[in-house]
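# Inside the fold
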Amino acid sequence: MTSPHLLWLLAGVAGILILASIVGEILRQRLSPGGGNPVIENLNARITAWWVMVILLAIAFLAGKTGVVLLFALCSFAALREFLTLTTHNRADHWSLVACFFVVLPLQYYFVLIDWYGMYAVFVPVYVFLLLPVLSALRGSTQDFLVRVSETQWALMICVYCVSHVPALLYLQIPGFEGRNVILIAYLIFVVQLSDVMQYVWGKLLGRTRIAPTLSPSKTWEGFIGGALTATLIGTSLWWMTPFTMAQAAAMCLILTLMGFFGGLVMSAIKRDRGVKDWGHLIAGHGGFIDRLDSVIFAAPIFFHVTRYFWSLT
Amino acid sequence: MTAPRAIWQGIEPVARQRVYFANHSSNGDFVLLWTVLPPPLRRQTRPVAALDYWLKSPLRAFIGRDVFNAVLIDRRPEARTTDPVAQMVEALDQGSSLILFPEGQRNSSDAVLLPFKSGLYHLAKARPEVDLVPVWIANLNKVMPKGEIIPVPLICTLTFGAALHLSPEEAKDAFLARASSALLALGQLQR
């Protein structure tokens, strides 16, 4: 699955991270020698976590299709755990929760692994949507029933269905692009995460006007526009490693950054509603898994379907 | 799998002699509490557990007595030969810290917390210098409700609150109410 383009991209990311690590270290020595500045400490924790994530992703890429599917199945598991920890359920839902983790999640990724598109595209939104509430209904508790089953379904759609569209990109058949699909995944994650990081950077530099103060104090128009444009610009300049032309790549990048932004917004709304700051505590400096994945989660299915509709044979 | 996470809110995990008292919803409670303690503290900390449950089978006896070195208490007043409070005091005098579930049994009701048994008060009276630390365990009852076999891998948090001590003049009921509301307050904070 290795192609020179993938190696270029990984080398580029490693370069950015080395630069970030150096800058982080200089900032620490200048401004926070005793570890006293929380912003700098958080920044350095984020950079370290980025290294771990990139290394894991690189290993999965080298391990081939199964490796990538497995990695994202594990991501789904971690995300689902965070999501369901915050949702409403009672004792009558025990079996449906068990089913989410040990039946729905593995099956969805199995369908992706065997490339059964017709099944993995409808499994969660149709079959699970209809059958899972039956398990809860059989236990006879009617209190908050609609709230409980909808929240569980939402957790599955976000954490399992959407995330599984990332490895599904490996199976698209794009003429002239055979054997290089892994680039699509790397490209998706790279553009979306770059947009996130640049929104953070631009927001810190000249963020003034908040977009949705009730949802997130750190999302500003200046940050959003600056981040989306920077990521689109850099993403477009990498068009030569994708199946897209330059103009198509630009349009794709705009879609990705926009969806990524929406993802962050919706997931913050959920967090606000539940009164938590982070989804979890798994990744130092980033909060939980969903905190880091929220934008990819929203961008992945759209990216998958647009690519599939316009470029894929299947 | 349940990814337990400790939040030290009112107190630091330092090596002082303590009685950790927590809400009780599952048999996994004390294992979880034990797991989130730093290893040096863990070695000195013994759970207080029900003898009738933990001696029911050889496997349970092995886990309870030999692995966790539990202070086993007979919950049946008519059958017991030793006083539970004396047993706990003895363990404290040997230098151990204790994990205690003052509700006395697993809470599978809709109530957030059951009324406390008096053991905590008698213990506080016998050894007033020992820190009494409330610990709220969130979510474990959802991971494995009483009577279920397969656990759901949700995230559990354990919140450690500020230590309590018995005031010299304090009556039993007032003290138990204070301890109970200190524990509940930690739970409220979680939600």
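Because the structure is predicted, anything quoted here is derived from the model rather than measured. (Residues numbered from 1 in each chain as written. Chains lettered and ligands numbered in written order. Predicted model: local features only at pLDDT ≥ 70, side-chain atom pairs only at ≥ 80, totals over all residues. Heavy atoms only, no water.)

In this section: the overall build of chain A. In terms of regular secondary structure, chain A is built from 11 helices and zero strands. When the elements of chain A are put in sequence order from the N terminus, they spell out α-α-α-α-α-α-α-α-α-α-α. Scaling as 2.2 N^0.38, a compact globule of 314 residues should have a C-alpha radius of gyration of about 20 Å, and chain A matches this with 20 Å. The C-alpha extent of chain A, read off along each of the three principal axes, is 60 × 50 × 35 Å. Counting only residues that meet the buried cut, chain A has 52% of its 314 residues in that class. The long-range fraction of contacts in chain A, counting pairs at least 24 apart against all pairs at least 6 apart in sequence, stands at 72%. Counting only carbon and sulfur atoms, one obtains 71% of the accessible surface of chain A, whose full area is about 14,400 Å². Computed over 19 positive and 14 negative side-chain charges, the inter-centroid distance for chain A is 3 Å. (Helix = DSSP H or I, 4+ residues; strand = E, 2+ residues; numbered from the N terminus. Rg over C-alpha atoms; globule rule 2.2 N^0.38 Å. Buried < 20%, exposed > 50% of the residue type's maximum accessible area, 1.4 Å probe, protein only. Contact = heavy atoms within 4.5 Å. Areas by Shrake-Rupley, 256 points an atom, 1.4 Å probe, with all protein chains shown as cover. Lys, Arg positive; Asp, Glu negative; His and termini not counted. Charge placed at Lys NZ, Arg CZ, Asp CG, Glu CD.)

Moving on, we get to the environment of B:Arg75. Residues and elements named next belong to chain B. Structurally, Arg75 is set in the loop between strand S4 (71-73) and helix H5 (84-93). Each C-alpha atom of the pair Arg75 and Met88 lies 14 Å from the other, and the pair is 13 residues apart in sequence. Those residues in contact with Arg75 that sit more than four places away from it in its chain are Ala50, Asp52, Arg80, Gly104 and Gln105.

Time to look at the sheet that holds strand S5 (residues 97-100) of chain B. Strand pairs in the sheet, formed through backbone hydrogen bonds, run parallel or antiparallel to each other. Residue and element names in this part refer to chain B. With mixed pairing, seven strands are arranged side by side in an open sheet as S1-S7-S6-S2-S5-S3-S4. Each edge of the open sheet is held by one strand with a lone partner, namely strand S1 (5-8) and S4. Across the sheet, the axes of successive neighbouring strands diverge by a mean angle of 25°, strand direction being ignored. Where strand S3 (residues 45-50) and S5 come together, three bridges link them in parallel fashion. By the bridge assignment, Thr45 is partnered in S5 with Ser97. (Pairing = 2+ DSSP bridges. Axes fitted to C-alpha atoms, helices over the stretch in contact; angles between N-to-C directions.)

So, on to the packing of aromatic side chains. Residues and elements named next belong to chain A. Enumeration over the complete set of coordinates arrives at 23 aromatic pairs over all chains. Centroid distance Tyr117 to Tyr120: 5.6 Å. Interplanar angle 85°. Geometry classified as edge-to-face. In this pair, Tyr117 and Tyr120 both sit in helix H5 (residues 117-120), three residues apart, roughly one turn of the helix. Overall, Tyr117 belongs to the partly exposed group, its relative accessible area being 25%. (Phe/Tyr/Trp six-rings, centres within 6.5 Å; stacked < 30°, edge-to-face > 60°.)

This next bit is on the interface of chain A and chain B. Contact with chain A, which involves 15 residues of that partner, is made by 17 residues of chain B. Roughly 1,600 Å² of surface becomes buried between chain A and chain B when both sides are summed, with 65% attributable to carbon and sulfur atoms. Inspection of the region where chain A meets chain B yields zero salt bridges. Our count for the contact surface shared by chain A and chain B stands at two residue pairs in polar contact (both at pLDDT 80 or more). For the side of chain A that touches chain B, the secondary-structure elements that each account for two or more residues are helix H3 (65-86) and helix H4 (94-113) of chain A. Ranked by residues supplied to the side of chain A that touches chain B, first place goes to H4(A) with six residues. Of the residues assigned to the side of chain A that touches chain B, the class counts are seven nonpolar, four polar and four charged. (Buried area = accessible area lost by both parts, 1.4 Å probe. Salt bridge = Lys/Arg side-chain N within 4 Å of Asp/Glu carboxyl O. Polar contact = N/O pair within 3.5 Å; in protein donor to acceptor, adjacent residues only side chain to side chain. Nonpolar A, V, L, I, M, F, W, Y, C, P; charged D, E, K, R; others polar.)

On to the packing of helix H10 (residues 246-274) of chain A against helix H11 (residues 289-311) of chain A. Residue and element names in this part refer to chain A. At a closest axis distance of 7 Å, the pairing of H10 and H11 adopts a crossing angle of 140°. Judged on the interaxial angle alone, H11 and H10 are oblique. At the point where H10 passes H11, the crossing takes the right-handed sense. Listed contacts from H11 to Gln248, Met252, Ile255, Leu256, Met259, Gly260, Phe262, Gly263, Gly264, Val266, Met267 and Lys271 of H10 are Ile290, Asp291, Asp294, Ser295, Phe298, Ala299, Ile302, Phe303, Val306, Thr307 and Trp311. The residue inventory of the contact of H10 with H11, partitioned by class, reads 14 nonpolar, six polar and three charged. (Parallel < 35°, antiparallel > 145°, perpendicular 65-115°, else oblique. Left-handed = near helix turned anticlockwise from the far one by under 90°.)

A few words on the confidence of the model for chain B. The pLDDT averaged across chain B works out to 83; a share of 97% of its residues lies at or above 70. For chain B, per-element mean pLDDT is lowest for helix H3 (residues 51-54) of chain B, which scores 76, and highest for strand S2 (residues 18-22) of chain B, which scores 91. (pLDDT = per-residue confidence, 0-100.)

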